[in-house]
Amino acid sequence: MGYLRVLELYSGIGGMHYALKESGIPAQVVAAIDINTTANQIYKHNFPDTPLWNKTIEGITLDDFNKLSFDMIMMSPPCQPFTRIGLQGDIADNRTKSFLYILDILPRLCKLPRFIVLENVKGFEKSSARTLLIKTLIDCGYTFQEVMVSPTSVGIPNSRLRYFLIALISAENLSTQTSSKTFDAFPHLDESESPLHPSFLSPTCISTGLPEEEIHSGLVLYKRESRMDAQRKMNQNHDLSVRQIQDFLEPQREENMERYLLSPKTLLRYGLLLDIVQPKCRRSVCFTKGYGRYVEGTGSVLQCCMETEIDSVFTGLDQLSEEEKLQQLLKLKLRYFSPREVANLMGFPQHFSFPENISTIQQYRVLGNSLNVLVVTKLLQLLLSSRPGHSAGDEDSAVGCSSSFCG
Ligand code: SAH
């Protein structure tokens, strides 16, 4: 196979491009398209030789697309219309317009791309946009696979459950077999049960695996979380197939990380809502674009002082004066993960970097919009190993998934 010509739509900071590089597939991104000037600056900084179009996708003509003569589309359409906490405007949301335009263009291209990779949030699988996507793919003769995957499936201690679709054009004489029923097969997935998660494949690991007494003695429900949440977190920390947070931290000494410490105001106001992890943990929650600005639900914070027991800090905290409360919370030395550490947890390679003028808050914002590079790398390898005429011997090993792609 020669070099694949790849079109990267909604390119952001190039998460898809990094995955393509890491996958080892001989390929060239012939155009990356995005309208976010900050993201584009970062993209250009890291991929100076890739043609980057600062244009709205719906403003690009069929003719322009045809001229690119691409073999693969990689895309992460805007996810706001589909998020569980959003308004779920779906196809009525203006931000879905460009995606509908792509679906309209696809069947009219002179040459259909052989491969398509799409990433979106959990929620997309129930959308009308997804229904239209599937219909278009079937009409065009694609075979496809849909999966919900979190980076924990590939050993990374970070939850980021996302919808992925990988599609392959069927060779004319091959029967078209779709697997649009993937979701029916996994109707009750949650963050810890993605279909590609090794523990999902090994039933013995699914149960808590811990005796009741240990659960009760180990769980202190000092924070505003349910017993089930606390138990789930403890189980995640016992999953040895996932690496420890400490493998993803910057090697610098902690003094250099003082700028990331949580302010007294944040500690007092949001102390009980924080998701706190320690270097030895094997979990962290999804980093969103609000990380560093908002606290609740935007990502985990790191406990840097291990001499203080977290339970001793939170037990009875409610009864203390503000000043005493603060003194207690300060003992833990809680800090945000640095953008570099968030990038590490999202599978970005060491050589990825930000231009100097991009602020820390901007860095968190674009990272929060991006994707887990390692997950997409594995999916790309799976997709390419499944193409017609290719021996699919190593299909399973690509993502540790036992479901075959081409059927
Ligand atoms: N995968 C990317 C992020 C995708 S987020 C990464 O790794 O960073 C969605 C991106 O779509 C955003 O960067 C946003 O600027 C871009 N976008 C949204 N609507 C667009 C449109 N109509 N045309 C071009 N880009 C668009």
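Everything numeric in this text was worked out from a predicted model, so none of it was measured.

Rules behind the numbers
- Residues numbered from 1 in each chain as written.
- Predicted model: local features only at pLDDT ≥ 70, side-chain atom pairs only at ≥ 80, totals over all residues.
- Heavy atoms only, no water.
- Helix = DSSP H or I, 4+ residues; strand = E, 2+ residues; numbered from the N terminus.
- Buried < 20%, exposed > 50% of the residue type's maximum accessible area, 1.4 Å probe, protein only.
- Contact = heavy atoms within 4.5 Å.
- Pairing = 2+ DSSP bridges.
- Phe/Tyr/Trp six-rings, centres within 6.5 Å; stacked < 30°, edge-to-face > 60°.
- Lys NZ or Arg CZ within 6 Å of the ring centre and 35° of its normal.

(A) Layout of the overall build of the protein. Helix and strand content of the protein: 16 helices and 10 strands. A buried classification covers 53% of the 407 residues belonging to the protein. Looking at the protein alone, contacts between residues at least 24 apart form 72% of all its contacts between residues at least 6 apart.

(B) Layout of the sheet that holds strand E8 (residues 276-277). Strand order in this open sheet of three strands is E8-E9-E10, and the pairing throughout is mixed. Pairing within the sheet leaves two strands with one partner each, and these edge strands are E8 and strand E10 (334-336). As judged from the three bridges shared by strand E9 (residues 301-303) and E10, these two strands associate in the antiparallel manner. Residue pairing for E10: glutamine 303 is matched across the bridge by leucine 334.

(C) Inspection of the packing of aromatic side chains at higher detail. Inspection of every chain in the model, using the stated rule, returns 13 aromatic pairs. Ring plane angle 70° and centroid distance 6.1 Å describe the contact between phenylalanine 99 and phenylalanine 124, whose orientation is recorded as edge-to-face. Here phenylalanine 99, found in helix H4 (residues 97-105), pairs with phenylalanine 124, found in the loop between strand E5 (115-121) and helix H5 (128-140); they are 25 residues apart in sequence, far enough to count as distant. Phenylalanine 124 shares its class with phenylalanine 99; the two are buried. Pairwise contacts between aromatic rings join Tyr18, Tyr43, Phe47, Phe348, Phe352 and Phe354 into one cluster. Its end group placed over the ring of tryptophan 53, lysine 55 keeps NZ or CZ at 5.2 Å from the ring centre.

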